[in-house]
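# Structure assessment
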Amino acid sequence: MDGPSPVTPSPEDPSLRIAALQAEIEGVKQREAAFRAKMVHEFLDRGERNTLLHVLREERAALIRREQEAFADLEAFTRKLEAERATVLGLQDELGRIRGSWSWRLAAPLRALGRILSHARPTPSPGANPPAAGGVFTYYLHTSPFRIYRDPTFTLRGWAWPNDGRAVTAVRINLDGRLFVGRHGLEEPEVIDRHGPQPANPLPGFEIAFETPPGGHLLSLEAQIENSEWRSIVTTSIWCEPRLP
Amino acid sequence: MSSENAHARWRRSATTLGERSAYKKVWDGQAEDFDVASLAVAGHMDEATMDLTARGFIDTLRATVGLDPNDVILEIGCGIGRIGKPLSRECLHWFGADISGGMLGHAAARLRGLPNTSLVELSTVGLQEFPSDAFDLVYCTIVFMHLFEWDRYRYVEEAFRVLRPGGRCYFDNYPLDSEHGWKVFTEGARYPLDRRPAHISMASTREELGIYLAKAGFQDVRIHDLPNELIAATGQKPG
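Turning to the interface of chain B and chain A, a few remarks are in order. Interfaces are frequently sized by the accessible area removed from exposure as the parts join. At the junction of the two partners, chain B supplies 14 residues and chain A supplies 15 residues. At the level of secondary structure, the elements contributing two or more residues to the side of chain B that touches chain A comprise strand 2 (93-98) and strand 3 (117-121) of chain B. Residues that form the side of chain B that touches chain A fall into these classes: seven nonpolar, four polar and three charged.

This is how it looks when you write it as structure tokens:
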């Protein structure tokens, strides 16, 4: 045979073993780097949800939504006020016409007599639980009642205590005489931190769900004081207009 | 003058100086269209020149800190992705981070179809969006001249955090002690005080860059004089 015979490397050939080991090291390095790249991606995915930037964007979007709803409600309130003003003007015109009529003038002595007699009559006794006027409360409503009510029910949440230091023992909504009793005695740790301890009302939070039938209503948020009288915390007119389909 | 006036004037002056720190605003302002963005970050607009200069920088990386096909790389201040586009072909994965979402919008268009690239908008100065011990190489080029010194150091510190043990870093700027550096310095000095642009270039010294890397914990810190009249500081995270 001419020349040297081809060398068949044996499995024990160190150069082959070195090459195999280097390939294995390279493979491990590649897998380790791929793992780190994947880790960065997972961290970024998780971070995107948690970064301050994301939180601020979410808050800004929520604030824009709230602002838009508030503007829409204000516009609706403005239209209602205009309509009410037109009604008042119409009624004032009608009253003026009645007072100017002959029959009104002729009946004047009779009305005067009626007023004298009504003062002599005993005052009718109040209903079962009419709210006392003039209750002074420190309160805050997390879900503002000053809105157009679109859904069939609404839950008013907030906290309150009477300024005379007595205990609230129940809360309710009085909607045109219909009563909706709520839950009270809910924790409001931040409020206590801010305003200091309230010995009679350590848990001043409440929530009251009530129905909001279509139309205008008089809403009164009321608190029962030490299991006896009911006092109004806040009273307001509300308008309930179901969402159009 | 009353002390109230002095306070008002002080507040106004602080706002003017602070414009440079409003990096997101400043660089988003320069990213409105691609041509302006390209000029702002690369000094030219055509793709061929951009590719050529990017390849030159990749050669610089190879010569200073080395490149490995398995590298997971992070670029701080990647702008429109000038370097990421060719570099992504030479590494396992390239991440580009920038404080300007506008710049990243252009980068995303340029890097479309390159699956081993990712872009991340930084919320503020720093790399808080990234985990620790993740990258083989972190670099930052043609960025430090637009940053205040405190923010330069902040990125060096953060690079140290996000590099894996044994990982390498690279930061460059133009040096004050070069002809070009001094020219840029004197040009900047000629601006009226109240009309200095927020992104005006500011030089570094070799000592400054070396101190940043050493204070951040890097080992084997070296200062390189580059052919394009920049200086680069490189180092390695102890592994």
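By size, the foremost hydrophobic cluster in this structure holds 62 residues, and its most contacted members are B:I73, B:L74, B:F135, B:V138, B:V162 and B:F171. Setting aside residues up to four positions removed in sequence, B:V162 forms contacts with B:L74, B:L127, B:F130, B:S132, B:A134, B:F135 and B:V138. Residues A:W159, A:F206, A:I208 and A:F210 belong to the second largest nonpolar core, which totals 17 residues.

Our next topic: the sheet that holds strand 1 (residues 137-141) of chain A. Residue and element names in this part refer to chain A. Across the sheet, which stays open at both edges, the four strands sit in the order 1-3-7-6 with antiparallel pairing between neighbours. The open sheet terminates on both sides in strands that have one partner only, identified here as strand 1 and strand 6 (183-186). Going across the sheet, the axis of each strand differs from the next one's by a mean of 25°, ignoring polarity. Where strand 1 lies against strand 3 (residues 153-162), five bridges are found, and the strand directions are antiparallel. Across the sheet, Y139 pairs through a bridge with A160, a residue of strand 3.

Another aspect to go through is the sheet that holds strand 5 (residues 163-173) of chain B. All names here are of chain B. Spatial strand order, 3-2-1-4-5-7-6: seven strands in an open sheet with mixed pairing. Pairing within the sheet leaves two strands with one partner each, and these edge strands are strand 3 and strand 6 (219-225). Pairs of neighbouring strands in the sheet enclose a mean axial angle of 15°, with direction left out of account. Sheet topology places strand 2 next to strand 3; five bridges connect them, and they run parallel. Considered in strand 3, the bridge of F95 is made with S118. In this fold helix 6 (residues 101-110) packs onto strand 2 and strand 3, with an angle of close to 165° to the strand it touches most, strand 3.

Rules of the game
Residues numbered from 1 in each chain as written. Chains lettered and ligands numbered in written order. Predicted model: local features only at pLDDT ≥ 70, side-chain atom pairs only at ≥ 80, totals over all residues. Contact = placed C-beta atoms within 7 Å. Helix = DSSP H or I, 4+ residues; strand = E, 2+ residues; numbered from the N terminus. Nonpolar A, V, L, I, M, F, W, Y, C, P; charged D, E, K, R; others polar. Core = buried A, V, L, I, M, F, W, Y, C linked by C-beta atoms within 7 Å. Buried ≥ 20, exposed ≤ 12 C-beta atoms within 10 Å, placed from the backbone. Pairing = 2+ DSSP bridges. Axes fitted to C-alpha atoms, helices over the stretch in contact; angles between N-to-C directions.

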